[in-house]
Amino acid sequence: MVTLKEIARECNVSATTVSNILNGKPKVSEETRLKVLDVVKRRGYQPNYIAQGLRNRKTKMIGIIAEDISQFSTPGMIESIMSCCEEKGYRTIVQNLRLYARWQESWFNNEEAYRSVLEPALQELRSIKVDGLIYVAGHARIIHPFKEELKMPAVMAYAYTDSPRVPSVVIEDEKGGYDMVKYLLSMGHKRIGIIGGRPDNIHTKKRLLGAQKALFEAGVPYNPDWVRYGAWNRESGYGQAGAIVDAGVSAIFCMSDLMAGGVYDYLEEHGLKAGEDISVAGFDNQDVAEYFRPALTTMCLPLSEIGRKSAEMLLECIDGDAETQEASENRPVEIAVPCSLVVRSSVKKKL
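Criteria and thresholds
Here the residue numbers are simple positions, counted from 1 along each chain's written sequence. Only residues with pLDDT of at least 70 get local features here, since the model is predicted, and only at 80 or more are side-chain atom pairs given and counted; chain-wide, interface and lining totals rely on the full set of residues. Excluded from the side-chain calculation are hydrogens and water; included are all heavy atoms of the structure. Any Phe, Tyr or Trp ring, taking Trp's six-membered ring, that has another such ring centre within 6.5 Å forms a pair; planes under 30 degrees apart are called stacked, those over 60 apart edge-to-face, and the others tilted. Helix and strand definitions here come from DSSP, where helices need a minimum of 4 consecutive H or I residues and strands a minimum of 2 consecutive E residues; each element is numbered from the N-terminal end. Two strands are said to pair when DSSP picks up at least two bridges between them. For the purposes of this section, nonpolar cores are sets of buried Ala, Val, Leu, Ile, Met, Phe, Trp, Tyr and Cys residues that join through side-chain atoms within 4.5 Å. Note on exposure labels: buried denotes an accessible area under 20% of the residue type's maximum, exposed denotes more than 50%, and partly exposed covers the range between, all computed with a 1.4 Å probe on protein chains only. The criterion used for residue contact is that any of the two residues' heavy atoms lie within 4.5 Å. Salt bridges are defined as contacts in which a side-chain nitrogen from Lys or Arg sits within 4 Å of a carboxyl oxygen from Asp or Glu.

**Student:** Help me understand the packing of aromatic side chains in this model?
**Tutor:** Counting across every chain of the model gives eight aromatic pairs. Ring plane angle 70° and centroid distance 5.7 Å describe the contact between tyrosine 238 and tyrosine 266, whose orientation is recorded as edge-to-face. Here tyrosine 238 is found in helix 10 (residues 234-246), whereas its partner tyrosine 266 is found in helix 11 (residues 257-269), with 28 residues between them in sequence. A ring pair is formed by tyrosine 264 and phenylalanine 292, whose centres lie 5.1 Å apart and whose planes are at 40°; its orientation type is tilted. Here phenylalanine 292 lies in the loop between helix 12 (287-291) and strand 10 (298-300) and tyrosine 264 lies in helix 11, a separation of 28 residues in the sequence.

In structure tokens form, the structure reads like this:
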């Protein structure tokens, strides 16, 4: 491996000069800078970030712990975290716990299994002296991945924590449910069925609360018989559609696009058409929503914004002066980022 001292010797300059050039410090002539960069490129020199961190007590590295990168919501958040860190001169290391791939959702209540994959990931990130951590959850819930002895700043993305030391950046689920039902009401629908995820799920609870508020404001009674619960997938959307359709609703709000796909399947099998006989709306704005026929009206999750905000908060804590860090410590423990309505063709105006 080529060392910084070897680069300096070949260029006939000091190691400090090479270091200044690689760190963008304007303390050398342009001729020297270009000469050094040419040798660095030709020799394939790579800085030893861990050694630098031991000297400077800062590695300029951020650890990202993902519950499972196969979750549809995760890649967008990780991409924006990495982009923000790169802009600020930080490198990132991703630890993929593969929790859903290993155990589906059975690990939610299995602390031993969860810790068996989380602790080695944390230990590895500690060993390379990352400056901070961002935990990217696959589904919103209250979780406690970091023990009190964690000696570095951390931020939770897409989930909640009751620790005042670890802020959370989450979806503004309640507003999302409110905005979707308000839109359905504006299109003339008053008999609105709802298919949520599991009833104890935070996304489900908050979106349903928002839907209830929109109905209340419009003077439309909330009918719990028109609410069904599923498992966020297409099969459960199909399975819950029948009872709601039989109740005579004119629109169905599904709390995931995949469940909306199941409703489409049910309607087609029973001689009905989504967007014509019964309006259908989803939530998430997954890629498949655009390709449903008719294209699905849905709520777009602010995944990039959540990732970027998580990174910005962490880097403020790491790089800020005392005043900035104090402001960071006094900000709300939970920051909610709003979703946006995506209007397509699956909701028809009811006259």
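**Student:** Is there a simple way to explain the pairing of strand 5 (residues 168-171) in this structure?
**Tutor:** Where a strand is regular, its side chains alternate between the two sheet faces. With two bridges connecting them, strand 4 (residues 154-157) and strand 5 associate as parallel partners. Within strand 5, the position partnered with methionine 156 by the bridge is serine 168. One ladder, built from four bridges, connects strand 5 with strand 11 (residues 334-337); its direction is parallel. Among the inter-strand pairings, valine 169 is bridged to a residue of strand 11, identified as isoleucine 335.

**Student:** Before we go on, may I ask you to explain the nonpolar core in this structure?
**Tutor:** Proteins that are soluble and globular tend to have nonpolar side chains buried together. Leu133, Tyr135, Ile252 and Val280 are the most contacted members of the largest nonpolar core, which totals 95 residues. In terms of residues, this core owes the most to one element, helix 13 (residues 303-319), which gives seven residues. Not counting residues within four places of it along the chain, the set of residues in contact with valine 280 comprises Ile252, Cys254, Ala260, Val263, Tyr264, Leu267, Ala274, Leu296, Thr297, Ser346 and Val347. Cys11, Val39, Val40 and Tyr45 belong to the second largest nonpolar core, which has ten residues in total.

**Student:** Any chance you could explain the pattern of salt bridges here in plain terms?
**Tutor:** Charged atoms that come close allow side chains of opposite charge to pair. All told, the structure shown has 13 salt bridges when counted by the stated rule. The partner of arginine 43 in a salt bridge is glutamate 10, with the nearest N and O atoms 2.6 Å apart. Of this pair, arginine 43 sits in helix 3 (residues 30-43) while glutamate 10 sits in helix 1 (residues 4-11), and the two are 33 residues apart along the sequence. Residue glutamate 10 is classed as partly exposed on the basis of its relative accessible area, which comes to 35%. Between aspartate 179 and lysine 175 there is a salt bridge whose closest N-O contact spans 2.9 Å. Of the two residues, aspartate 179 and lysine 175 are both situated in helix 8 (residues 173-186); the distance of four residues between them amounts to about one turn of the helix.

Just distances and angles here, no functional claims.
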